[in-house]
Amino acid sequence: VKSVNADSEFRQYYLMLKLLVEYEKGMESPWYQWLNSLPRYYTNAASMTPFCCLCLPSLMRKLTVQERGYLQRLGVSSIKLVPYLNDDTKYDVDLC
């Protein structure tokens, strides 16, 4: 990752991987109860459509575009390269 905020991006990436590994363990994970209590769907700035971003004030738009860039760099394409994740997890569109 080539970025001024690379440390922050790596922390987010490893947290995302940890959550996926614990998700794969299912009920055997010590984190199962907590993971199961999380909402199944939520939206944030990174998931906004380009049109929605245009409606935001300039600072919010800038932060939203920045967060979307982080998500794209840390998202599905990089998850597919992780050798210890199940293929079912890697290619689950709803999950990743």
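Conventions used here
- Residues numbered from 1 in each chain as written.
- Predicted model: local features only at pLDDT ≥ 70, side-chain atom pairs only at ≥ 80, totals over all residues.
- Heavy atoms only, no water.
- Helix = DSSP H or I, 4+ residues; strand = E, 2+ residues; numbered from the N terminus.
- Contact = heavy atoms within 4.5 Å.
- Areas by Shrake-Rupley, 256 points an atom, 1.4 Å probe, with all protein chains shown as cover.
- Phe/Tyr/Trp six-rings, centres within 6.5 Å; stacked < 30°, edge-to-face > 60°.
- Buried < 20%, exposed > 50% of the residue type's maximum accessible area, 1.4 Å probe, protein only.
- Disulfide = S-S within 2.5 Å.
- Core = buried A, V, L, I, M, F, W, Y, C linked by side-chain atoms within 4.5 Å.
- Patch = residues over 30% accessible without salt bridge, like charges linked within 9 Å, V, L, I, M, F, W, Y side chains within 5 Å.
- Salt bridge = Lys/Arg side-chain N within 4 Å of Asp/Glu carboxyl O.
- pLDDT = per-residue confidence, 0-100.

Glancing now at the overall build of the protein chain. Assigned secondary structure in the protein chain consists of 6 helices and 0 strands. Element order for the protein chain, N to C, with α for helix and β for strand: α-α-α-α-α-α. Counted over contacts in the protein chain with a minimum sequence separation of 6, partners at least 24 positions apart contribute 46%. Accessible surface, the protein chain as shown: approximately 7,500 Å² in total, 61% of it carbon and sulfur.

For the rest of this paragraph, the subject is the packing of aromatic side chains. Tallying each qualifying case throughout the model produces 2 aromatic pairs. Taken together, a centroid distance of 5.9 Å and an interplanar angle of 65 degrees make the contact between Tyr 13 and Tyr 14 edge-to-face. Judged by relative accessible area, Tyr 13 falls into the buried class, the value being 13%. With 6.0 Å between their ring centres and 75 degrees between their planes, Trp 31 and Trp 34 make a pair best called edge-to-face. The exposure class of Trp 31 is partly exposed, given its relative accessible area of 46%. Residue classification places Trp 34 among the partly exposed residues on the basis of a relative accessible area of 44%.

By the definition in use, this model includes 0 disulfides. With no disulfide of its own, Cys 53 lies closest to Cys 52 among cysteine sulfurs, the gap being 7.0 Å. Cys 55 carries a free sulfur, and the closest cysteine sulfur to it, the one in Cys 52, is 6.3 Å from it.

In this structure, Tyr 13, Leu 17, Leu 20, Ile 79, Val 82 and Leu 85 together form the largest nonpolar core, which totals 6 residues. Broken down by element, this core gets its largest block of residues, 3 residues, from helix H1 (residues 6-25).

Turning next to a nonpolar patch on the surface. Side chains of Leu 15, Leu 19, Trp 31, Trp 34 and Leu 38 sit close together on the surface and give an oily, nonpolar patch of about 500 Å² of accessible area. Checked against the element boundaries, Trp 31 lands in the loop between H1 and helix H2 (32-37).

So, about the pattern of salt bridges. This model, assessed by the stated rule, comprises 3 salt bridges. For the salt bridge of Glu 22 with Lys 18, the shortest nitrogen-to-oxygen distance reads 2.6 Å. Taken together, the residues span about one helical turn, with Glu 22 and Lys 18 both in helix H1 at a distance of 4 residues. Of the residues examined, Glu 22 reaches a relative accessible area of 3% and is grouped as buried.

What follows is about the confidence of the model for the protein chain. Parts of the model with low pLDDT should not have their predicted coordinates read in detail. With 88% of its residues at a pLDDT of 70 or more, the protein chain shows a mean pLDDT of 81. The lowest-confidence element of the protein chain is helix H5 (residues 76-79), averaging 75 in pLDDT; the highest-confidence one is H2, averaging 93.

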